Number of protein chains: 2
Amino acid sequence: MSGDRAAGENAPPGHGGRGGRRERGTRNTGAATPPMPRLVNRFNPVDILSPEQVERILDAAFTLLETDGMKILSPRAREAYRRHGAMVDEESRIVRLGRDIVEAMLATAPSSFVLHARNPARDLHVGGHVVNFGPVNGAPNIRDLDRGRRYGDIEGFRDILRITNGLGLLHWQGGVVVEPVDVPVPVRHLEMYRAHIELSDLVWAARGVGGVQARDALALSAIEHGTSVEALAERPTLMTVTNVNSPRVVDEEILDNIMTMAGHGQCVVITPFTLMGAMAPVTLAGALVQQTAEACAIIALCQMLRPGAPCVMGGFTSNVDMKTGSPAFGTPEYVNAALATAQIARRLGVPVRTSAVNASPAPDAQATWETSFSLWAAIMSHSHLINHAAGWLEGGLSASLEKIVIDAELLRGWAEILKPIEFGDDELALDAIRGVAPGGHFFGSPHTLARYENAFYRPILSDWSNYENWRDAGERTATDRALDIWKKTRDAYVPPPLDPAVREAVDAYIARRTEEELVPGTR
Amino acid sequence: MSGDRAAGENAPPGHGGRGGRRERGTRNTGAATPPMPRLVNRFNPVDILSPEQVERILDAAFTLLETDGMKILSPRAREAYRRHGAMVDEESRIVRLGRDIVEAMLATAPSSFVLHARNPARDLHVGGHVVNFGPVNGAPNIRDLDRGRRYGDIEGFRDILRITNGLGLLHWQGGVVVEPVDVPVPVRHLEMYRAHIELSDLVWAARGVGGVQARDALALSAIEHGTSVEALAERPTLMTVTNVNSPRVVDEEILDNIMTMAGHGQCVVITPFTLMGAMAPVTLAGALVQQTAEACAIIALCQMLRPGAPCVMGGFTSNVDMKTGSPAFGTPEYVNAALATAQIARRLGVPVRTSAVNASPAPDAQATWETSFSLWAAIMSHSHLINHAAGWLEGGLSASLEKIVIDAELLRGWAEILKPIEFGDDELALDAIRGVAPGGHFFGSPHTLARYENAFYRPILSDWSNYENWRDAGERTATDRALDIWKKTRDAYVPPPLDPAVREAVDAYIARRTEEELVPGTR
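Cut-off values and rules
- Residues numbered from 1 in each chain as written.
- Chains lettered and ligands numbered in written order.
- Predicted model: local features only at pLDDT ≥ 70, side-chain atom pairs only at ≥ 80, totals over all residues.
- Heavy atoms only, no water.
- UniProt positions renumbered as here; feature names shortened; annotations may be inferred.
- Helix = DSSP H or I, 4+ residues; strand = E, 2+ residues; numbered from the N terminus.
- Rg over C-alpha atoms; globule rule 2.2 N^0.38 Å.
- Buried < 20%, exposed > 50% of the residue type's maximum accessible area, 1.4 Å probe, protein only.
- Areas by Shrake-Rupley, 256 points an atom, 1.4 Å probe, with all protein chains shown as cover.
- Lys, Arg positive; Asp, Glu negative; His and termini not counted.
- Charge placed at Lys NZ, Arg CZ, Asp CG, Glu CD.
- Phe/Tyr/Trp six-rings, centres within 6.5 Å; stacked < 30°, edge-to-face > 60°.
- Contact = heavy atoms within 4.5 Å.
- Buried area = accessible area lost by both parts, 1.4 Å probe.
- Salt bridge = Lys/Arg side-chain N within 4 Å of Asp/Glu carboxyl O.
- Polar contact = N/O pair within 3.5 Å; in protein donor to acceptor, adjacent residues only side chain to side chain.
- Least-squares fit on C-alpha atoms with pLDDT ≥ 70 in both.
- Core = buried A, V, L, I, M, F, W, Y, C linked by side-chain atoms within 4.5 Å.

- Per an unreviewed UniProt entry, chain A is named Methyltransferase, and its organism is Labrys monachus.
- Regarding chain A, the UniProt comment filed under Sequence similarities (unreviewed entry) reads as follows: "Belongs to the trimethylamine methyltransferase family."

Here is the structure:
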């Protein structure tokens, strides 16, 4: 399914590096650059609301849940709400939640937790001051400078995993990094999960819609981790990243997905889709009220099903172009919404997810400044999960391979900025300064020579050559150069080790489930 | 001198908008977009050093000034240092400064001050929490997509003023926005000053080198403000933005400039040129020690000449590419250096200048992420003057007209983000949310309709159209589209009003000085 590059991708450790182009990869991780370390935010969070403003938003959100509630399209979910004291109107399917219920449920949601990766060194720590990056999610199209824009396919899906892992960018592997429309819908999620397990050893995400999709993710994650689905509940490995059908509706497929995951103790990342002026009020405060209400309703449901289930409050509030209705991202409105979302989540004691997003039609300067703004806000807000941080383009309609490489420079730059600054007398360098005459230079200073090789961050895409050299090399922009880098990274990628028995069990499970889904009468 | 666009540029207020293309400009300001308001930073500064680390850097810097000092190439400056207790070695021209002297001099430097603009509404407030943007400075080349890269000229110089003012981007007008090499060196500064006075009513900067250049700036500023050079000292109007010849040398031309300006009570922005591994130690701490020492030595000199003279501590510390020696900007090292510089200046009680800089060979994604990083650091460090914030490219070797427009989006976006968030019950929008059925939309909500026109920041360059529309419109990147915007802005620009008598006096002064400089025996 994954094409010829897949052959040998799961060779045992120490064997992957033998053949041809794979020699360029680091043997066991496949990373062309060192993998992203765990990042701890050393800065104070940037608060944008006064404490009183936070309380006013919360009060309005809780009032909304009490008086107007949410339309909950799953009978099973309504039953859970009802059992925990909510007012449920079966005819309108509206669930009204008292604030005492919401607050009691939020109190059982953990403020931090760990999702376990197959590689224990890459466990995903969610909460506290840890910053995590994830890739583009849910794009229907894939594009690159060579092949243009086209529907996503499974080979493109696998390429995105190879490139993001090869560049060592991410803290979790994502879910639907692009929609592989060449795979039949009933088994599409199975091929995505296979790719995640084969090509990476990070935490991955279930598809965020459907109960079947959640159950298959649980089964395959249990196989990957050599354990049972039941045991996963005590040692969670998965997340599901899903939305509310804003305003104030959650459909049955999403609820099945959420309830299956939360019921099995896996992480639910719930993100209302609250574009200001479209699916939410045109005002920031109003959109935050609605976003907070919607997210709280779902976190409460998760806690009703399994107290202590790991949940993350997502924020996706942004504005739209009021002339066309097109969504906008990386705008000042997005920045304010992300900062405010994290502040509200901190007050509620739940981890928060925002995104590094843009609405640019091309992987150009616009894509870069919009992403820079949203990434700045996501990091300085102390968001714990920063989604769409590699490869997202066109407001999410495309995954761009060149954009992954541009984002690599942003993410790796931030990772460097987040490192603590430490120095001693050697770094204060008084003797080195004294050793260079006024007007001299430090290139040949012993202090420089002893340190220069590792003194500075090494970019992978930046070109600092002079204009003449750049011109003579063909005047290639950063986007042009990104094409070379993703190709080389993809071709050099060596997946991490995978126990052959696990691989066999994964393949067997997927073969059986594929037959059930695709052969009439098998199931 | 300024070409045909200059004709009629100084028509009295109310008359500028009559002819043809000028009708598009806002009549009195020439701004195609509203001028940048005074920005007050509502965020806490991002501190990167511990208080102990700040003290260690200061202690090392003061030690360096005591034990090794600075090479000061002006006899007049050495004499001023000597008179104030410094140890001066006339043979080596080394000046050693005790920390008691440095601290006493720093104590007289104001922590905030105002530079007066011809338009009092645009006075430049330096210090406190005010954030100010200035343009590219000192570039020898100018480039744009139509005409490529070429040496700067006076018409390009004037175009940069038209575009930055037309877009309403800046808080001060800059000095050498590009080097007009078509104007003979002895009178080049005069033509630059003429352009500043004719085309804008913001604070402008003297050329940062030379005593003559400073004296001509003082004379012309006095004419512009209808006052005397002596009176300017009590109501300063000018800044000079200049460098140290790092490591630890200041040449006579720079010192003449600094002493003339400080002696007349004008603002001296002193920025050591401390690229790590080249003109300063390869370590951040070491570069900061040297930068701090060099800046403090010059601020002390300014205070010796005129206690209370407005001074700004500049930081330009960044890294170099250790393979080629090329300077790098917008790197994690630059971010750290900018944040630390501002923290040190805060401790010393003097305002601080950093920059929004990049080292990209093209106005592309790289230029944008590097600028985004450095701008983020400059703003969140609470830098008071952010230099090079519009149009800087190639590490300062070119002023790019397209980059001005890209930077416009960054600067205007930040200006929006810095606005305080205020809301009441109407903005909390509970009734509006109740008025939209679950699953409905807010496009037609009265709450939206009453607000949508001014609800959101309006970008000037972002394209949020869908892929198909963008493709059918020619697949133009943000950089391509920036070309249209600067042309339109330049052509539509209407300069602010200038009293015809002032203009006449300015022209007469420049005519006389030009003759003195260019005609043998006149002076």
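**Thoughts on the overall build of chain A**
- Regarding its fold elements, chain A presents 18 helices and 20 strands.
- Taking 24 Å as the expected radius of gyration for a compact globule of 523 residues, we find that chain A reaches 24 Å, a close match to that expectation.
- Structurally, chain A occupies a C-alpha span of about 80 × 60 × 45 Å along its principal axes.
- Put simply, chain A has 523 residues, and 65% of those count as buried.
- With an accessible surface of roughly 17,100 Å², chain A has 51% of that area assigned to carbon and sulfur atoms.
- Each charge sign in chain A was given a centre, from 52 positive and 63 negative side chains, and these centres are 2 Å apart.

**A closer look at the packing of aromatic side chains**
- Counted under the stated rule, the structure contains 20 aromatic pairs over all chains.
- Ring centres of A:Phe373 and B:Trp414 lie 6.0 Å apart, and the angle between their planes is 55°; on these two criteria the pair is classed as tilted. With one member in each of two chains, A:Phe373 in helix α11 (residues 365-380) and B:Trp414 in helix α12 (residues 401-417) form a pair that bridges those chains.
- Residue B:Trp414 is classed as buried on the basis of its relative accessible area of 3%.
- Between A:Trp414 and B:Trp376 the ring centres are 4.7 Å apart and the planes differ by 65°, which places this aromatic pair in the edge-to-face class. Residue A:Trp414 is located in helix α12 (residues 401-417), and its partner B:Trp376 is located in helix α11 (residues 365-380); the two belong to separate chains.
- Classification of B:Trp376 as buried rests on a relative accessible area of 2%.
- Of the aromatic side chains, those joined through ring pairs into one cluster are A:Phe273, A:Phe316, A:Phe329, A:Tyr334 and A:Trp392.

**Some thoughts on the interface of chain B and chain A**
- In this assembly, 108 residues from chain B lie in contact with 108 residues from chain A.
- Each partner contributes to the roughly 8,900 Å² buried at the junction of chain B and chain A, and carbon and sulfur atoms together form 71% of this total.
- When residues of chain B are sorted by the area they lose upon contact with chain A, B:Trp369, B:Phe456 and B:Trp464 head the list and together hold 10% of the total.
- Joining chain B to chain A, the criterion identifies six salt bridges.
- Taken together, the connections running from chain B to chain A amount to 39 residue pairs in polar contact (both at pLDDT 80 or more).
- Looking at which element gives the most residues to the side of chain B that touches chain A, the answer is α11(B), with nine residues.

**Quick look at the pattern of salt bridges**
- Summed over all chains, the structure comprises 74 salt bridges over all chains.
- A:Glu416 serves as the salt-bridge partner of A:Lys419, at 3.1 Å between the closest nitrogen and oxygen.
- We note a salt bridge from B:Glu90 to B:Arg78, for which the minimum N-O separation is 2.9 Å. Taken together, the positions of B:Glu90 in the loop between β3 (87-89) and β4 (94-96) and B:Arg78 in helix α2 (residues 75-83) put the pair 12 residues apart, joining distant regions of the chain.
- In this structure, a network of salt bridges that share partners links the residues A:Arg158, A:Glu191, A:Arg194, A:Glu198, A:Arg503 and A:Asp507.

**A look at the relation of the copies chain B and chain A**
- It takes a turn of 180° to lay chain B on chain A, together with a shift of 0.0 Å along the axis; the resulting RMSD is 0.0 Å. Seen this way, the second copy is the image of the first under a two-fold rotation axis. Of the C-alpha atoms belonging to chain B, the one lying closest to the rotation axis is found on B:Ala365, 2.1 Å away.
- The fraction of interface residues of chain B whose copies in chain A are also interface residues reaches 100%, indicating that both copies meet through the same surface.

**So, the nonpolar core**
- In this structure, A:Phe133, A:Trp376, B:Phe133 and B:Trp376 are the most contacted members of the largest nonpolar core, which totals 322 residues.
- Setting aside residues up to four positions removed in sequence, A:Phe133 forms contacts with A:Met36, A:Leu39, A:Leu169, A:Leu170, A:His171, A:Trp172, A:Leu375, A:Ile379, A:Ile386, A:Ala389 and A:Leu411.

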